[in-house]
Amino acid sequence: MISLYWVALKTIWIKEVTRFGRIWVQTLLPPVITMSLYFVIFGNLIGSRIGEMGGVDYMQFIVPGLIMMAVITNSYSNVCSSFFGAKFQKNIEELLVAPVPTHVIIAGFVGGGVARGVLVGFLVTLISLFFIPLHVHSWSMVIITLLLTAIVFSLAGLLNAIFAKSFDDISIVPTFVLTPLTYLGGVFYSLTLLPPVWQAISKLNPIVYMISGFRYGFLGIADVSVMVTLGVLMIFLVIFYILTWYLIEQGRGLRS
C-alpha cells in the first residue's frame, strides 16, 4: 500500500513540476527579471547612496530579502493557480474519488510549489552573484528557513485555491495581503530603524520572521531571534496543514 501511495505522490509531483517547467517563460523568467531590476535599482543606484545597513553593505543586506520574496510569491502562486485550475476543469474530482489519502494530495501539490519556489530562489541567487560575492553564515539556517517558508506559502496558496470560486478570487490575497506584507517584512530595511511602536506592530507580520531568519543564514544578523523565527514557521505550517487537510476531507469548495 505504501508503494502505491508513493506512486500517487510522485505522479502528482511530476505533473506539477512539468506544468511550470513547460511554461518556464511565464513561471521562471519573470521573477528573475523582476529581481534583477531590484538589484540594479535598489542595490546599485539607491544602495550606493545609503551605504550600510545593519553593519553590512546595503546590497548585501537586501539580497536575502529579495531571494525570500521570490520564493514566497512563486511557491504561493504555483499551488494556488494549479489547484484552482484542477477545480475549474473538474480534474480534482478524479483525485477525490481515487483511493489516495488527503495527505498524499496535499504533499503532491505542495511539493510542486516548493520545487518552483526553491528553483526561482536558486536562479535569483545566481543573478545576485553578478552584484555581490556569495557569503553564507549558516547553511543549515538558509536551507531550513527556505524550505519551511516555501512549504508554508505553498499551503497558503492551497487554502486560497480551496476557497476561491473564480479566477479573480485567486488574485485578491496576493494583491491585497501578500504583497503589502512582503514589502513591509523588512526586505529593504532593518526593523531597528523604526520607532518602538512600529517595531512591535511589524512583528505581527509573519514574513518579518522568515526574512530575518533567512538573512541570518546569509549574513549572521537578524531583527528577531532565530529560535522565534523557527517557532513561528512551525506554528504556521502546522495550522495551515491541519486546516487544508480538514477542508479537503470535508470537500469544502471542491464538490459541486
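Scroll up a little and you will see the structure.
Residues numbered from 1 in each chain as written. Predicted model: local features only at pLDDT ≥ 70, side-chain atom pairs only at ≥ 80, totals over all residues. Heavy atoms only, no water.

**Here's the deal with the packing of aromatic side chains**
Part 1: Scanning the model with the defined rule gives nine aromatic pairs in all.
Part 2: Centroid distance Y183 to F188: 6.2 Å. Interplanar angle 20 degrees. Geometry classified as stacked.
Part 3: Connected via pairs of aromatic rings, a cluster forms that spans Y38, Y183 and F188. (Phe/Tyr/Trp six-rings, centres within 6.5 Å; stacked < 30°, edge-to-face > 60°.)

**Some details on a nonpolar patch on the surface**
Part 1: Taken together, the side chains of W24, V25, L29, I33, L37, V40, I41, L45, I46 and I50 present a nonpolar region at the surface, about 860 Å² in accessible area.
Part 2: Contributions of two or more residues to the nonpolar patch are made by α2 (24-27) and α3 (29-50).
Part 3: If you tally residues by element for the nonpolar patch, the top one is α3, at eight residues.
Part 4: One can find L37 in helix α3. (Patch = residues over 30% accessible without salt bridge, like charges linked within 9 Å, V, L, I, M, F, W, Y side chains within 5 Å. Areas by Shrake-Rupley, 256 points an atom, 1.4 Å probe, with all protein chains shown as cover. Salt bridge = Lys/Arg side-chain N within 4 Å of Asp/Glu carboxyl O. Helix = DSSP H or I, 4+ residues; strand = E, 2+ residues; numbered from the N terminus.)

**A word on the packing of helix α4 (residues 58-88) against helix α6 (residues 102-128)**
Part 1: Remark: α4 packs on α6, axes separated minimally by 8 Å, with the N-to-C direction vectors making an angle of 150 degrees. With respect to α6, the element α4 is oriented roughly antiparallel. Seen along the crossing, α4 lies across α6 with a hand that is right-handed. Counting all contacts with α4, which are made through V63, I67, A70, V71, N74, S75, S77, N78, V79, S82 and F83, the residues of α6 involved are F109, V110, G112, G113, R116, G117, V120, G121, V124, T125 and S128.
Part 2: Of the residues assigned to the contact of α4 with α6, the class counts are ten nonpolar, eleven polar and one charged. (Axes fitted to C-alpha atoms, helices over the stretch in contact; angles between N-to-C directions. Parallel < 35°, antiparallel > 145°, perpendicular 65-115°, else oblique. Left-handed = near helix turned anticlockwise from the far one by under 90°. Contact = heavy atoms within 4.5 Å. Nonpolar A, V, L, I, M, F, W, Y, C, P; charged D, E, K, R; others polar.)

**With respect to the pattern of salt bridges**
Part 1: Within this structure, the stated rule accounts for one salt bridge.
Part 2: K15 serves as the salt-bridge partner of E16, at 2.7 Å between the closest nitrogen and oxygen.

These figures capture arrangement, not role.
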